[in-house]
Each structure stands twice: as C-alpha cells, then as structure tokens.
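# Summary of the model geometry
Okay, here's what each chain looks like letter by letter:
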Amino acid sequence: MTGLYGRTVLVTGGAGFVGSHLVDALAEDNNVRILDDLSTGRRGQVPSGVRFREADILDTAALDAAMDGVDVVFHLAAAVSVAESIAMPDRYHAVNATGTLAVLEAARRQDARVVVASSAAVYGAPETVPVTEAEPTTPSSPYGVSKLAADHYARVYADTYGLETVTLRYFNIYGPRQRAGADGGVVATFADRARHGKPLVIEGDGEQTRDFVHVSDVVQANLLAATTDATGRAYNIGTGETTTVGELAALISDYADRRVEITYTDPRPGDIRHSSADISLARDVLGYEPTVALDEGLAALFGATAMEQ
Ligand code: NAD
C-alpha cells in the first residue's frame, strides 16, 4: 500500500540506502526510474524491472532524459559525509546545492512534484530541543550549508514558480543496507562491529542524543509528501524520541551474540551535542506517524525478535 499508483516517478540516488528502500516501495504500483552515479550507491540494490541510468545529477542531458514525462521526483541523490564536506566543500556545494537546483529546474519544465531530502544538519547545534521547523538554521558544516541551500531552493521554487515541492528534514536514519564505517551511520557502524566482536567506540562521553528513525518510516514520509496538498514547506522527519549514543551502544551490544566491549575516544570535532525532532508538523499536516521503535528496528536488523522488557 503506497498511496501512489500508476505514476511515473524518478528517484535520484535510488541505488543508495534510503533511495533503494523507497524504490522497493514504489516499484510494484508505479513506473520507477533511477538516476544515480553509484558514488556511494550500489547497482545490486536496484530491483529488476526498474529503469536505471548511471549518471551524475549535474549531467543536464541525462537529467532531462530521466525527467521526461515524470509526475513525481524523489530527490535523494547527494554527497552525504559531513567529514568529507569539510575536506571538499566545493564538491558538496556542486552536488547538493547546484545539483538540487538542476533537479528543480528540470522538474519545472515537466511540472513534476519534487520531494527533496533535507537534513537535521540544517539546524546545526540547535538552541532548543526538540527542534521545530521554526528553529534558526545555522548549519555547522559545509554539508549542512549545502543541504540548507537545497531546502531553501525547494521552498523558493514553490513560492516563485508555483512548483509543488515538499522538503523532508531527516534526523538519524537507520536500517538494512546502511553503510558502516567512518562515513556511515552510527547504528550500521556499531552493528557491524558488534557482529564481528569488535569494541563499539563512542566518540565523546556517550551522552550526546540522537533521534534514530527507521528507514521504513522515512519511506512512509516520502509517500505522504508525494500526495499532500501542503506543499512548499519543510517537515522534520524523526520519531520524537531521543536516545543517547551510550544507550544505543548498550542496546546493540545486547543484540550481539557475544559480549561486546564499549570504549570511548575523543569527541568528533564539531559533533552536535543534542539532536531531537519535534515532528508535530509532519504528524498534523502530512499524517506521518513513526511505526518502528528503536528496539524493534535493531532487533530486525539483527534478525532477532524484540527483546522482552
Ligand atoms: P546514500 O549515500 O546511501 O545515498 C545517496 C545516493 O546518491 C547514492 O546512491 C549515491 O550514489 C547517489 N549520488 C551521490 N552523488 C550523486 C550525483 N552527483 N549524481 C547522482 N547520484 C549521486 O545516502 P542516504 O543515507 O541514502 O541519503 C539519502 C538522502 O537523505 C541524502 O540526500 C542525504 O543527504 C539525506 N539524509 C540522510 C540521512 C541519514 O541518516 N541517512 C540523514 C539526513 C539526510
């Protein structure tokens, strides 16, 4: 049940972690195309029967061809590493800001709706938590700035050109297919280390908080965004629940089939202390309701049944 039927849709970044789950949800009932340069995505994550074009979103000819006849674009393609963005801010600006502008411009020619992937990184270190969409946007990395540019372009294209755009500000997404390692998600990294019996290394004191949202709930948010009348604005997508990184490590070590050591190292430079979503707007306006609690999502990730409390 997707709520979206018989449409021609383009998923940029559809071979990536989030994009591939969205493609899975859309493919049965819609004509789905993917544009992805496979910089971090994987061809093997694309289901058969889906039209796949390996290209950069900055390749205007490829983008225009992929956009031809499209009703809805889910724009997820992005360069996604905060650390890498510090090393190459120009590349992040090109892919995330200029690339989103290119997607919006191509969509405008088709009058296609665009659902834009934004990020909690647009808030930087928020003054108050949980953050509402009205919180000042003061990103603390080139990645965050580039996502904020994309976020603003989507709103301005709605206001200026009447294009139907919806922006989703994701908090910490986790689930199957997420990459582990330096540039991957903390859940995937901890899960991978736990499976291999390696210590879970917490950067800082472990008291930093995050809002971990399961990828299936992010898919749900995208499907709601594809049909809502409330376009031209940004919505926080998380769970409204917060977990410390220390609690996450403890939960994951419980799911490992052996005792896993938890160790501490220096905090990551520029790491945000508290990140927590107020999801009232998405709940009230889009009808978004997170369905997967963290312990259930982790249990599924480890192929186990939820722990009995
Ligand atoms: P991902 O790296 O798995 O997916 C990004 C996809 O975009 C990859 O398949 C990659 O190959 C593709 N891509 C990158 N640059 C491209 C380019 N120039 N042209 C074409 N394709 C390109 O990451 P993800 O976690 O699935 O992220 C999806 C979106 O969600 C991104 O826009 C990201 O900024 C946003 N987001 C993710 C999270 C999270 O916790 N995972 C949080 C906030 C926002």
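Residues numbered from 1 in each chain as written. Predicted model: local features only at pLDDT ≥ 70, side-chain atom pairs only at ≥ 80, totals over all residues. Heavy atoms only, no water.

This paragraph deals with the overall build of the protein. Scanning the protein for helices and strands turns up 10 helices and 13 strands. On C-alpha atoms alone, the protein measures out to a radius of gyration of 19 Å, which is about the 19 Å that the 2.2 N^0.38 rule sets for 309 residues. Taken along its principal axes, the extent of the C-alpha atoms in the protein is 55 × 40 × 40 Å. Here the protein, with 309 residues, has 52% of them falling under the buried criterion. In the protein, the share of contacts with a sequence separation of at least 24, taken over all contacts with a separation of at least 6, comes to 76%. As displayed, the protein offers around 13400 Å² of accessible surface, 48% of which is attributable to carbon and sulfur atoms. Taken together, the 25 basic and 42 acidic charged side chains of the protein have centroids lying 5 Å from each other. (Helix = DSSP H or I, 4+ residues; strand = E, 2+ residues; numbered from the N terminus. Rg over C-alpha atoms; globule rule 2.2 N^0.38 Å. Buried < 20%, exposed > 50% of the residue type's maximum accessible area, 1.4 Å probe, protein only. Contact = heavy atoms within 4.5 Å. Areas by Shrake-Rupley, 256 points an atom, 1.4 Å probe, with all protein chains shown as cover. Lys, Arg positive; Asp, Glu negative; His and termini not counted. Charge placed at Lys NZ, Arg CZ, Asp CG, Glu CD.)

Adjacent strands of a sheet form backbone hydrogen bonds with each other and so pair up, either parallel or antiparallel. Reading across from one edge, E3-E2-E1-E4-E5-E6-E11 is the order of the seven strands in this open sheet, with parallel pairing throughout. For this open sheet the edge positions go to strand E3 (51–54) and strand E11 (233–237), each flanked by a neighbour on one side alone. Ignoring which end each strand starts from, the neighbouring axes of this sheet average 20° apart. Note that strand E1 (residues 8–12) and strand E2 (residues 31–36) share five bridges and pair parallel. (Pairing = 2+ DSSP bridges. Axes fitted to C-alpha atoms, helices over the stretch in contact; angles between N-to-C directions.)

Another point: helix H4 (residues 89–110). Between its terminal C-alpha atoms H4 stretches 31 Å, which fits the 32 Å expected from 22 residues at 1.5 Å a residue. The largest bend in H4 amounts to roughly 30° and is located at Gly99. Residues of H4 that are buried include every one of Tyr92, Val95, Asn96, Ala97, Gly99, Thr100, Val103, Leu104, Ala106 and Ala107, and no others. Asp111 lies just past H4 and shows a positive phi near 55°. (Expected span 1.5 Å × (residues − 1). Bend = angle between axes of the 7 residues up to and from the residue.)

For the rest of this paragraph, the subject is empty space enclosed by the protein. Counted according to the given criterion, the structure contains one cavity of 30 Å³ or more. The wall of the largest cavity is formed by His75, Leu76, Ala77, Ala78, Asn96, Thr100, Ala117, Lys147 and Ala150. Among the elements of the structure, H4 and helix H5 (142–161) are those that each provide at least two residues to the lining of the largest cavity. Counted by class, the lining of the largest cavity contains five nonpolar, three polar and one charged residues. (1 Å grid on protein atoms, 1.4 Å probe; cavity = no way out; pocket = protein on both sides within 12 Å on 5 of 7 lines; lining within 4 Å. Points joined across faces, edges and corners; volume = space filled by probe spheres on them. Nonpolar A, V, L, I, M, F, W, Y, C, P; charged D, E, K, R; others polar.)

All chains considered together, the criterion is met by 13 salt bridges. The closest approach of N and O atoms between Asp71 and Arg7, which form a salt bridge, is 3.6 Å. Residue Asp71 is found in the loop between helix H2 (60–67) and strand E4 (72–75), and its partner Arg7 is found in the segment before E1; the two are separated by 64 residues along the sequence. Arg108 is paired through a salt bridge with Glu105; the nearest N and O atoms lie 3.1 Å apart. (Salt bridge = Lys/Arg side-chain N within 4 Å of Asp/Glu carboxyl O.)

On to the environment of Gly49, then. Mapping Gly49 onto the fold places it in the loop between E2 and E3. Linking Gly49 and Ala27, residues 22 residues apart in sequence, is a C-alpha distance of 8.3 Å.

Before going further, it helps to examine the site of the ligand. Around the ligand, a shell composed of 30 residues is seen, among which Phe17, Asp36, Thr40, Tyr143 and Lys147 lie nearest. Taking Gly16, its main chain carries an N or O atom lying 3.1 Å from an oxygen atom of the ligand. Here an oxygen atom of the ligand sits 2.7 Å away from a polar atom, N or O, in the side chain of Tyr143. Sort the elements by how many residues they give to the shell around the ligand and strand E5 (residues 113–119) lands first, with three residues. The residue inventory of the shell around the ligand, partitioned by class, reads 16 nonpolar, eight polar and six charged. (Near = heavy atom within 4 Å. Polar contact = N/O pair within 3.5 Å; in protein donor to acceptor, adjacent residues only side chain to side chain.)

Ranked by internal contacts, the top residues of the largest apolar core, which has 45 residues, are Leu26, Phe74, Leu168 and Ile237. Looking at which element gives the most residues to this core, the answer is helix H7 (residues 215–227), with seven residues. With near-sequence residues (within four places) excluded, Leu26 lies in contact with Leu4, Val9, Val11, Val32, Phe74 and Leu223. By size, the runner-up hydrophobic cluster in this structure holds 26 residues, among which are Ala62, Val95, Ala106 and Tyr143. (Core = buried A, V, L, I, M, F, W, Y, C linked by side-chain atoms within 4.5 Å.)

What follows concerns the packing of aromatic side chains. The geometry of an aromatic ring pair is captured by two quantities: the separation of the ring centres and the angle between the planes. What the rule picks out here adds up to three aromatic pairs. Ring centres of Tyr255 and Phe302 lie 5.8 Å apart, and the angle between their planes is 20°; this geometry places the pair in the stacked category. Of this pair, Tyr255 sits in helix H8 (residues 245–255) while Phe302 is found in the segment after helix H10 (294–301), placing the two residues 47 residues apart along the sequence. Over the ring of Tyr161 we find Arg108; its NZ or CZ atom is 3.9 Å from the centre of that ring. Above the ring of Phe302, the side-chain terminus of Arg195 is found at 5.0 Å from the ring centroid. (Phe/Tyr/Trp six-rings, centres within 6.5 Å; stacked < 30°, edge-to-face > 60°. Lys NZ or Arg CZ within 6 Å of the ring centre and 35° of its normal.)

Residues of the protein with pLDDT of at least 70 account for 97%, and the chain-wide mean is 95. Counted against residues more than four places away or in other chains, residues 305–309, with its pLDDT under 50, gives six contacts. (pLDDT = per-residue confidence, 0-100.)

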